[in-house]
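# Report on the structure
What follows is each chain in one-letter form.
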Amino acid sequence: MPSYTVTVATGSQWFAGTDDYIYITLVGTEGCSERTLLDKPLYNDFERGAVDSYEVRVGENLGDIVLVKIEKKKYWVQDDWYCRYITVKTPSGDYLEFPCFCWLVNDKEVVLRDGRAHLPQDDKTSLVKQHRQKELDGRRKTYRWREWQPGFPMSIDANRHKDLPRDIQFDSEKGVDFILNYSKAIENLFVNQFMHMFQSSWSDFSDFEKIFVRIKNTISEYVMQHWKEDFMFGYQFLNGCNPVLIRKCKKLPDKFPVTHEMVAVSLERELTLEEEIEAGNIYIVDYEVLDGITPNSTDPCTLQYLAAPICLLYKNAQNKIMPIAIQLGQVPGEDNPIFLPTDGQYDWLLAKIWVRSSDFHHHQTITHLLRTHLMTEVFGIAMFRQLPAVHPAFKLLIPHIRFTIAINTKAREQLICECGIFDKANATGGGGHVQMIQRAVKTLTFRSLCFPDLIKSRGVDSKEELPTYFYRDDGYKVWEATKRFVSDVVNIYYTSDERVQGDEEIQAFVKDVCSFGMQDLDYCEFPKSVKTREELIEYLTVIIFTASAQHAAVNFGQLYLGMYPDEHFIEKPVKDAMAKFRKELAEITSSIKKRNEGKKLPYYNMSPDKIPNSVAV
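In this text the structure is predicted, and so the values were computed from the model without any measurement. (Residues numbered from 1 in each chain as written. Predicted model: local features only at pLDDT ≥ 70, side-chain atom pairs only at ≥ 80, totals over all residues. Heavy atoms only, no water.)

### Considering the overall build of the protein
For clarity, the threshold we go by: Helix numbers and strand numbers start at the N terminus; a helix is a DSSP run of H or I with at least 4 residues, a strand a run of E with at least 2. Only protein chains enter the accessibility calculation, which uses a 1.4 Å probe. A residue is then buried if its area is under 20% of the maximum for its type, exposed if over 50%, and partly exposed in between. Residue contacts are counted whenever heavy atoms from the two residues lie within 4.5 Å of one another. Method for areas: the Shrake-Rupley scheme with a 1.4 Å probe, in which residue coverage is limited to the protein chains shown. We count Lys and Arg on the positive side and Asp and Glu on the negative side, and we leave His and both chain ends out. Every charge is mapped onto a representative atom, which is NZ of Lys, CZ of Arg, CG of Asp or CD of Glu.
In terms of helices and strands, the protein carries 19 helices and 15 strands. In terms of its C-alpha atoms, the protein occupies a principal-axis envelope of roughly 95 × 55 × 45 Å. Taken across its 617 residues, the protein has 53% of its residues classed as buried. Once local pairs closer than 6 in sequence are excluded, the contacts in the protein between residues at least 24 apart make up 72%. Only carbon and sulfur atoms are counted for the fraction: they give 53% of the accessible area of the protein, which is about 27900 Å². Considering the protein, the positive charge centre built from 74 side chains and the negative charge centre built from 86 side chains are found 2 Å apart.

The structure is reproduced here in structure tokens:
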């Protein structure tokens, strides 16, 4: 009687094990096994982190094993189980791998295909075609689109984290880690004292230092010593937490009537302001998106204000970016003067503080929330709805979607919701942050998510002109390394452009992002199809870069770029591509570390060893 050896791996996260009954059915080209209970006498099966083997005896050879069906049935009480993978050793000695990486909840069954990736046009038998379609039908019922606010990118249809599908919820360890990190951040920043200070007038600039008394490292101490200085103010536009706004000024806007006489004392090359602009030495940052945004009025006892400043920056002879003029509103006039470095010390300092305040609001709401968190969620929902687990693009993207929908749902539940933390601690709370996103979506195009395009569109792509723009330099390296990795994987499965065009699932995925995720907005310019391998490579690179490197430039997580602990791919060529990718990332990390040696302000935000795989915090 033929016998198959089945090995089952249980997850190592908290509460992954189960005491429920686990049944298996092997489905082959020549027949199916009996539904078999996996149980060893006097043994505690399926414990957390366990790898257990069982014999499945059959009356006749099943042919090639195509599917493995796993069922969980209640023992005493419902006991969720996380299955990592299953391997099957056939009577002839061959080993087959069936990745699972999902939770079985209630009396659930999961049907798995072997770990080799397949495009839909490569599936020839009705059995695997039906399995593929059934998986997608189930996913589309589970992962539904919903508009959280008018004009927002679409999000998951779930009000609370606990309403999400179990597979995309935080696991228990991540949930505890989230709470501990949140508590630690609150403790470090003395938020209670900060809130108290915020609701009353600050008597001295030294009050700022009290907020950061718990954060001690060489960079923070250097910044605390120099934060009032113009060079530090300018440096942050290049390598701070929001290095995406500075652009070359080719012509002064009419709404910002700076004259040469105003700034002549700040210019070092004996050129007029117009000549400095023509020479490419003048840059501008415009916070127009904040103009008219309603300030937070949720607490009638605390008046809050917002500015929509314009800041003119000058690259001096030492290649430092220095502020030379600031206007705090969009409409020039007597009540909206242009502040200059030659003004009184505190007038100029307060003008810079207002710019920094506006930069904070732009960073948190647009650069961070909209352009990384919400966009990655759009890609993630479309992925779950249109790509089955056997699709190579699903296997490629799933590590970069890890916990993103969960953290965004938590944000809608606790952070950006009515009476959430934004309303309590942010001048754009009470609805202003919603208005900002609604405006910013109108300029969010697909090309603006392509890192090289975004850099070039702002006229800041020349290393010779801006030699200390490390965000750009490191970003280029990581973008190119990621694109080469994606290219290696794509070319394994797509041997021609016709293969891309004939993949109905990848076409449905791209269309779902545009037509549903971005609501088919005319100005978003997201593609509705991909026709070539190069277009597909760029599209997938955008997703991975947005979820990893771009998010890392403004925030940090846990599993770092190039680390794939869940082996969704089993093919050697893909594993070789992953190893090559990791090696290239290590080389980039080494070069960044070498460049940073001896710098008082080292830049590590785009260092691959500090780039998380996904938007998870």
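### Quick word on unusual backbone geometry
In this structure, Phe-46 takes a positive phi of about 60 degrees despite not being glycine. Of note, Phe-46 is situated in the loop between strand E3 (36-37) and strand E4 (51-57). Residue classification places Phe-46 among the buried positions, given a relative accessible area of 1%.

### A word on the sheet that holds strand E11 (residues 247-248)
Worth spelling out the cut-off: One bridge is not enough; two strands pair if DSSP finds at least two bridges between them. Every angle, taken between N-to-C directions, lies between 0 and 180 degrees, and every axis is a line fitted to C-alpha atoms, over only the stretch in contact when it is a helix.
Across the sheet, which stays open at both edges, the 5 strands sit in the order E11-E12-E13-E14-E15 with antiparallel pairing between neighbours. The open sheet is flanked by E11 and strand E15 (338-339), the only strands paired with a single partner. The strands touched by helix H6 (residues 230-239) within the sheet are strand E12 (282-286), strand E13 (310-315) and strand E14 (321-327), with E14 carrying the most contacts at an inclination of about 95 degrees. Lying on the sheet, helix H9 (residues 345-386) is in contact with E14 and E15; it crosses E14 at an angle near 90 degrees.

### Some words on the domain arrangement of the protein
Interface extent is often summarised as the accessible area lost during association of the parts. Put simply, the rule is: Domain start and stop points were drawn from an automatic or database domain assignment. Accessible area that two parts lose when put together, with a 1.4 Å probe and added across both, is what the buried area reports.
Under the domain assignment, the protein is made up of domain 1 (3-115), domain 2 (145-173 + 368-610) and domain 3 (245-361). With centres defined by C-alpha atoms, the gap from domain 1 to domain 2 works out at 34 Å. The interface of domain 1 with domain 2 comprises 17 residues on the first partner and 13 residues on the second. Of the roughly 1300 Å² buried between domain 1 and domain 2 on both sides combined, carbon and sulfur atoms contribute 55%.

### Digging into the nonpolar core
Going by this rule: Residues belong to a common nonpolar core when they are buried Ala, Val, Leu, Ile, Met, Phe, Trp, Tyr or Cys residues joined through side-chain atoms within 4.5 Å.
Formed by 119 residues in total, the largest nonpolar core has its most connected members in Phe-509 and Phe-526. Both domains that meet at this core, namely domain 2 (145-173 + 368-610) and domain 3 (245-361), each give it at least three residues. Excluding residues within four positions of it along the chain, Phe-509 makes contact with Phe-379, Ala-382, Met-383, Gln-386, Leu-387, Leu-397, Tyr-539 and Ile-543. Tyr-4, Leu-26, Ile-65 and Ile-70 belong to the second largest nonpolar core, which has 25 residues in total.

### A word on the pairing of E4
Alternating positions in E4 separate cleanly, Asp-52, Tyr-54 and Val-56 being buried on one face and Val-51, Ser-53, Glu-55 and Arg-57 remaining unburied on the opposite face. Across 7 bridges, the pairing between strand E1 (residues 3-10) and E4 is antiparallel. By the bridge assignment for E4, Thr-5 is matched with Glu-55.

### What to know about the packing of H6 against H9
How two helices sit against one another is set out by the angle between their axes and by the gap between those axes. Keep this limit in mind: In this scheme, roughly parallel covers angles under 35 degrees and roughly antiparallel covers those over 145, while 65 to 115 is roughly perpendicular and the rest are oblique. Each crossing gets its handedness from the near helix: less than a right angle anticlockwise from the far helix is left-handed, clockwise is right-handed. Residue polarity is assigned by list, with Asp, Glu, Lys and Arg as charged and Ala, Val, Leu, Ile, Met, Phe, Trp, Tyr, Cys and Pro as nonpolar; anything else, Gly included, falls into the polar class.
Axis separation between H6 and H9 bottoms out at 12 Å; the angle between their running directions is 15 degrees. When the axes of H6 and H9 are compared, the pair comes out roughly parallel. In this structure, the crossing between H6 and H9 has a hand that is left-handed. Contacts from Asp-230, Phe-233, Gln-236 and Phe-237 of H6 reach H9 at Trp-348, Lys-352, Val-355, Arg-356 and Asp-359. Classifying every residue of the contact of H6 with H9 by side-chain character gives 4 nonpolar, 1 polar and 4 charged.

### Thoughts on the environment of Pro-2
For Pro-2, the location among the structural elements is in the segment before E1. Note: C-alpha distance between Pro-2 and Glu-60 (58 residues apart in sequence) is 6.4 Å. Ignoring any residue separated from it by four or fewer positions in sequence, one finds Pro-2 in contact with Val-56, Arg-57, Val-58, Gly-59, Glu-60, Asn-61 and Pro-91.

### Brief notes about the pattern of salt bridges
What counts is decided by this rule: Any carboxyl oxygen of Asp or Glu within 4 Å of a side-chain nitrogen of Lys or Arg constitutes a salt bridge here.
Enumeration according to the criterion identifies 32 salt bridges in this entry. The closest approach of N and O atoms between Arg-132 and Asp-123, which form a salt bridge, is 2.7 Å. Asp-512 is paired through a salt bridge with Arg-385; the nearest N and O atoms lie 3.0 Å apart. Residue Asp-512 is found in helix H17 (residues 504-517), and its partner Arg-385 is found in helix H9; the two are separated by 127 residues along the sequence. Across the pair, Arg-385 and Asp-512 agree in class, each one buried. One continuous salt-bridge network, built from bridges that share partners, spans Arg-113, Asp-123, Arg-132 and Glu-505.

### A word on the sheet that holds E3
Taken together, the 4 strands give an open sheet; going across it, the order is E3-E2-E5-E8, and neighbouring strands pair in antiparallel fashion. Among the strands making up the open sheet, the edge pair consists of E3 and strand E8 (109-113). The pairing of strand E2 (residues 21-28) with E3 spans 2 bridges and is antiparallel. Bridging from a neighbouring strand, Tyr-23 pairs with Leu-37 of E3. Running over the sheet, helix H1 (residues 126-142) touches E2, strand E5 (65-73) and E8 and is turned about 130 degrees from E8.

### Brief notes about a nonpolar patch on the surface
Heads up, the condition is: Like-charged residues within 9 Å of one another, or nonpolar side chains (Val, Leu, Ile, Met, Phe, Trp, Tyr) within 5 Å, are grouped into patches, provided each residue has over 30% relative accessible area and no salt bridge.
Residues Tyr-21, Leu-37, Tyr-75, Trp-76 and Val-77 make up a contiguous nonpolar surface patch of about 550 Å² in total accessible area. For Tyr-75, the position within the fold is in the loop between E5 and strand E6 (81-89). For Tyr-75, a relative accessible area of 38% gives the class partly exposed.

### A closer look at the UniProt feature "site: Essential for stabilizing binding to COTL1" (unreviewed entry) in the protein
Inclusion rule: UniProt positions are given in the numbering used here, feature names are shortened, and annotations may be inferred rather than shown by experiment.
UniProt records the feature "site: Essential for stabilizing binding to COTL1" (unreviewed entry) for Trp-103 in the present numbering. Examined against the element boundaries, Trp-103 turns out to sit in strand E7 (residues 95-104). If we ignore the near neighbours within four places in the chain, the residues touching Trp-103 are Gln-13, Trp-14, Phe-15, Ala-16, Asp-80, Trp-81, Tyr-82, Lys-108, Arg-166 and Asp-167.

### As for the pairing of E1
In terms of residue burial, E1 counts as a mostly covered element, since 7 of its 8 residues are buried. In this sheet, E6 lies alongside E1 in antiparallel orientation, the contact comprising 6 bridges. Within E6, the residue paired with Val-8 across the bridge is Ile-86.

### Considerations on the UniProt feature "domain: PLAT" (unreviewed entry) in the protein
If you check UniProt for "domain: PLAT" (unreviewed entry), the listed places come out as residues 2-118 in our numbering. Secondary structure within residues 2-118 divides into 0% helix and 50% strand; the distance between the first and last C-alpha atoms comes to 29 Å.

### Some remarks on helix H18 (residues 533-552)
Short version of the rule: The length a helix should cover is 1.5 Å for every residue beyond the first. Two axes define the bend at a residue: one fitted to the seven residues ending there, one fitted to the seven starting there, and the bend is the angle between them.
Here H18 contains 20 residues, and its C-alpha end-to-end distance of 27 Å stays within 8% of the 28 Å for a straight helix at 1.5 Å per residue. The axis of H18 is deflected most strongly, by about 45 degrees, at Phe-545. Among the 20 residues of H18, 17 are classified as buried, and the element is accordingly described as predominantly covered.

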